[in-house]
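For reference, the chains in residue letters:
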Amino acid sequence: MDAAGGRRVRRPGPGPPRRAGAPCGRVLLWGWALLGCAWCPRPPGAAAAGYALDDSGGLGSEFDGIGAVSGGGATSRLLVNYPEPYRSQILDYLFMPNFGASLHILKVEIGGDGQSTDGTEPSHMHYENDENYFRGYEWWLMKEAKKRNPNIKLIGLPWAFPGWIGRGQNWPYNHPDVTVYYIVSWILGAKQYHNLDIDYIGLLRYTMDKRGLQRVRIIASDNMWEPISFFMMVDSELHKVVDIIGAHYPGTKTVASALATQKKLWASEDYSTFNDEVGAGCWARILNQNYVNGNMTSTIAWNLVASYYEVLPFGRDGLMTAQEPWSGYYAVEGPIWITAHTTQFTHPGWHYLQVDGHLKDGGSYVALTDGLGNLTIIIETMTYRHSQCIRPPLLPFIVSPQKATFYLKGSFHKVKNLKMWYTKLGFKSANSTLFHPLPPVKVHEGMFSLNLDVDEVYTLTTIMTGRKGTYPDPPQSKPFPSNYKDDFNICNPPFSEAPYFADQTGVFEYFVNTSDPGDHIFTLRQVVVQRPITWSSDADQAISIIGGFKWVNVTITCDVYIERLGNGGVFIAGRVNNGGIYVRRSKGLFFWVFADGTYRVTGDLAGEEVLMKGMSGVRARVWHTLTLNLKGSSASGLLNGYPLWENVTLSETSHGWAAIGTRSFEFAQFDNFHVEAS
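Residues numbered from 1 in each chain as written. Predicted model: local features only at pLDDT ≥ 70, side-chain atom pairs only at ≥ 80, totals over all residues. Heavy atoms only, no water.

Caption draft 1: Examining the overall build of the chain more closely. When you go through the chain residue by residue, the secondary structure sums to nine helices and 36 strands. By the compact-globule yardstick of 26 Å for 678 residues, the chain fits well, its C-alpha radius of gyration being 27 Å. Each of the 678 residues in the chain was classed as buried or not, and the buried ones make up 61%. If you sum the accessible surface of the chain, you get close to 25400 Å²; carbon and sulfur atoms cover 53% of it. Both charge centroids of the chain, one from 59 positive and one from 62 negative side chains, sit 5 Å from each other. (Helix = DSSP H or I, 4+ residues; strand = E, 2+ residues; numbered from the N terminus. Rg over C-alpha atoms; globule rule 2.2 N^0.38 Å. Buried < 20%, exposed > 50% of the residue type's maximum accessible area, 1.4 Å probe, protein only. Areas by Shrake-Rupley, 256 points an atom, 1.4 Å probe, with all protein chains shown as cover. Lys, Arg positive; Asp, Glu negative; His and termini not counted. Charge placed at Lys NZ, Arg CZ, Asp CG, Glu CD.)

Caption draft 2: Representation of the sheet that holds strand β10 (residues 296-302). What the eight strands build is a closed barrel, ordered β2-β3-β4-β6-β7-β8-β9-β10; its pairing is parallel. In terms of strand pairing, strand β7 (residues 217-223) meets strand β8 (residues 244-248) through four bridges, oriented parallel. Directly across from S221, in β8, lies its bridge partner G246. (Pairing = 2+ DSSP bridges.)

Caption draft 3: Examining the side chain of S496 more closely. With respect to the secondary-structure elements, S496 resides in the loop between β21 (483-486) and β22 (502-505). Within polar-contact distance, the side chain of S496 engages the backbone nitrogen of G136 at 2.9 Å. Once residues within four sequence positions are removed from consideration, S496 is found in contact with P122, R135, G136, F508, E509 and Y510. (Polar contact = N/O pair within 3.5 Å; in protein donor to acceptor, adjacent residues only side chain to side chain. Contact = heavy atoms within 4.5 Å.)

Caption draft 4: Geometry of the environment of E109. Summarising the element assignment, E109 is placed in strand β3 (residues 105-109). When the C-alpha positions of E109 and S70 are compared, they lie 6.5 Å apart, and in sequence the two are 39 residues distant. Dropping the residues within four chain positions of it, E109 is found in contact with S70, G71, G72, G73, A74, S116, E121, E138, L157 and W159. Within the local environment of E109, its side chain forms a polar contact with the backbone nitrogen of G72, the two atoms lying 2.7 Å apart.

Caption draft 5: Here's a closer look at the sheet that holds strand β16 (residues 402-408). What the three strands build is an open sheet, ordered β1-β16-β19; its pairing is mixed. Among the strands making up the open sheet, the edge pair consists of β1 (49-53) and β19 (447-452). Averaged over all neighbouring strand pairs, the angle between strand axes comes to 25°, with direction disregarded. Pairing of β16 with β19, which is carried by six bridges, proceeds in the antiparallel orientation. Within the sheet, the bridge partner assigned to F406 lies in β19 and is F448. (Axes fitted to C-alpha atoms, helices over the stretch in contact; angles between N-to-C directions.)

Caption draft 6: Quick peek at the environment of S536. Relative to the elements of secondary structure, S536 occurs in the loop between β25 (533-534) and β26 (542-546). S536 sits in the buried class, given a relative accessible area of 14%. For the pair S536 and G580, spaced 44 residues apart in sequence, the C-alpha to C-alpha distance is 9.1 Å. Apart from residues no more than four positions distant in its own chain, S536 is found in contact with Q115, S116 and I581. Looking at S536, its side chain comes within polar contact range of the main-chain oxygen of Q115, at 2.7 Å.

Caption draft 7: Focus on the pairing of β7. As judged from the two bridges shared by strand β6 (residues 200-201) and β7, these two strands associate in the parallel manner. By the bridge assignment for β7, Y200 is matched with R217.

Caption draft 8: Seen up close, helix α9 (residues 334-343). α9 sits mainly inside the fold: ten of its ten residues count as buried. Those residues of α9 that fall on the buried side of the exposure criterion are G334, P335, I336, W337, I338, T339, A340, H341, T342 and T343.

Caption draft 9: Quick look at the confidence of the model for the chain. Averaged over all residues, the pLDDT of the chain equals 92, while 92% of them reach at least 70. Here helix α4 (residues 205-210) stands out as the least confident element of the chain, with mean pLDDT 65; helix α1 (residues 86-95) is the most confident, with 99. Below pLDDT 50 for its whole length, residues 3-45 participates in 99 contacts with residues either more than four positions away or in separate chains. (pLDDT = per-residue confidence, 0-100.)

Caption draft 10: Focus on unusual backbone geometry. Backbone torsion omega between E84 and P85 reads 10°, so that peptide bond is classified as cis. Mapped onto the secondary structure, P85 falls in the loop between β2 (65-70) and α1. With an omega dihedral of -5°, the bond running from A220 to S221 counts as a cis peptide bond. With respect to the element layout, S221 can be found in strand β7. Phi is positive for T117, which is not a glycine, with a value near 150°. Backbone geometry places E445, a non-glycine residue, at a positive phi of 50°. Residue position: E445 is located in the loop between β18 (433-442) and β19.

Caption draft 11: Highlighting the nonpolar core. Within the largest apolar cluster, 83 residues are counted, with the highest numbers of intra-cluster contacts made by F95, L106 and I201. Excluding anything up to four places from it in sequence, F95 contacts S102, L103, L106, L141, A145, R148, N149, I152 and L304. Core analysis: the second largest hydrophobic core is formed by 79 residues, L312, Y510, C558 and I581 among them. (Core = buried A, V, L, I, M, F, W, Y, C linked by side-chain atoms within 4.5 Å.)

Caption draft 12: Structural view of helix α3 (residues 176-194). Across its 19 residues, α3 extends 26 Å between first and last C-alpha, which sits within 8% of the 27 Å expected from 1.5 Å per residue. The first or second residue beyond α3 is N195, which carries a positive phi of 55°. (Expected span 1.5 Å × (residues − 1).)

Written out as C-alpha cells, the structure is:
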C-alpha cells in the first residue's frame, strides 16, 4: 500500500462481503420537493444557510481527476483469473464511463519483485541483462482500462526494486543512472510492446526528455508534503522539473510550504479503508474535503479492487471486492457509487469554482464547471463516526441536519433545472441507497434549496449522461475448491503467474524446461535470486500461498526440483497463517528438503521452530515428489511416495493456506501441485 512504510490497523468489518447497492425501500425514495426544496424532514423554524456559486470573478483550480491504485502491492492478483463474463463486468464497473466508478486515473505498480503490502509483483528486469515486458498483469489492466476509456490517465510508481538496482545496498537511489534507466525502460516498454502512453511518473525530468518522453509529467515525492516542498522552495531546478506534489494519506490537509510552491497538489494515495458503509463514508468525505481543506485537485484510492486473499493485510480495502475467481462472485461496494457521484459528472480539465466549501452545520460541497456552461455540485454530510478512514486519525466533529440554499450567479444564473443523484448510507436501517437518480431540482431565479440529512451525498448537475450500470448478480460466493490440481502444462500462458498462487516473497513464473526430456517440460519456477529492495519486509525465503485460509485437514503433494547445488532447498507447507507485510512471521507446518540430502520439519517459515529433522537422500537437479499430510494435531510426510517422517504434533497454527517455496532467493522448480482439503 504505502511506500512510505506507515502501517495501518485494519478496522474490523462485518461478516462475509455482501453485494452492495440494495435500495432502502420505497419509503425513503419519495417525498422530495421539486420546487426548490429537497426532501427529508426539517426542524421547525430552522434557517437556511446560503452559498453562492459564481464564475464571474474567475475560476478556481483545475480538476485533475479521481483515480485508484492497482498494486502496492499485488492487489489485483486474483482479478486476472476470473472467468468471463465476470471479469469484464468487474472492469466495466471500474472503468467504463457513465456506468460505475468511471475512473479518470489508473495508477499501477512498476513491479519490483518485492513484497509491497499483499504480495510481490514481477519486475520487467529481474536481472540487469534481462528485459521482459509481458510479466505480471498491470500491462493487461492498463490496456483493459484504455479499452473502456481511451482518455484515462496512467501513472507508474515503483514500490520495490530488484536487488541489482542497489549495487549491493538496500537503497535504489545511490546509483541514480541505474534507477533512471530501469524506470525509463518500463515507460518505453509500455509504449513499444503495449502501445500505452504513461502520463505521470516519479523520475527526473531531464532524463526522460533525452529519451523523447517530454509528455510524461513528474509527481514527487509520493510520500509526505515534506521535505519535498521545502526542497522545491530552495532549489529552483527541482522546482522547475516537478509538476505535481503528491502526498499519501494527507488527512484532507496540506502545509504552507506545499501551497507556496504554487504546484498542483494531489492526494496521490488515500482511502485504504474497509469497503463497507464506513469506508464509503470515508471516501465521500475525503473526495470533497481534500480540495475544500487542502486544495488537492486529484485523489487516488488505494486500492482499485480488493482482488487478493481477504485474510492478507487490509482485506477488502478496495473500491469493490473481487477475491473469488474460482466461484465468479464479486461485490460492487458502496465506494464505487460514491466515486460515481464525482466522476460521471466531471472530467479532468474542468475547474473548481472559488467557494469556501464548508457547510454551516457540517459537511462540505464543491462545484465544478467545464467553462462551457455545465455545472456539477457535489455535497456530502458524512458524520464523524461514519466516515473514519483507516488513517490518519480523525478529530471529532459534528454534522447536523440542515437546510442549504444555493445561489447560481454569473453564467449559471440562467440554469433552470439540475439533475439530482442521491446516496444515503444506512447505518440505522442497515440498508443504503446508493447513487439513486431523483427528479430534477427546479432552479427559480438562480436559487434552490435542499434539506440535508446526515450521511448523505448529493450530486446536482447539468450533465444528463449519468447512469447506474448493472449486470445480473454474479454466482454465489463459494470457498476455494477442496480438491485442486495444477500441472502447469500450458504452452502460451496469458499471464506469467499460475492461477490462484499469490507470491509473498520471490516470484513464481511459468517456465519451459527445455532440458527435461520427460514429464517436467512445463513447470513453475521461482526466479528471484537476489533480495529485492523493499519498503516493507520480505521473508528470507521465497513463498507463494494458495487455497482456503480455513483449511485444517489437508494433503499437499508437489514435485520439486532444487537447482542450487550444496545449500539449495525447497518446501511445501500447510496451515500457513500469514502473508503480505507480515510474511516473515508466518507459522504453519513446513516440510523442507535440501540439496545436501537432509530434510527438516518446522512450525514456521523462518525455520527456527524445528519439529523434526534427518536424512532424506534428496539431491539437487533431480525431481522428487513431496507429500504433506495434516490431520487434526498430527502431521506426516512422504518422499517419492514412501513415508519419511510421521507423528509430528502441531501446537500453534490451527488453519491456513497451502504454500510452496524455497530456502532462499534461488532458482527452483515445482510441478504437479495437488491439494486436497477435508
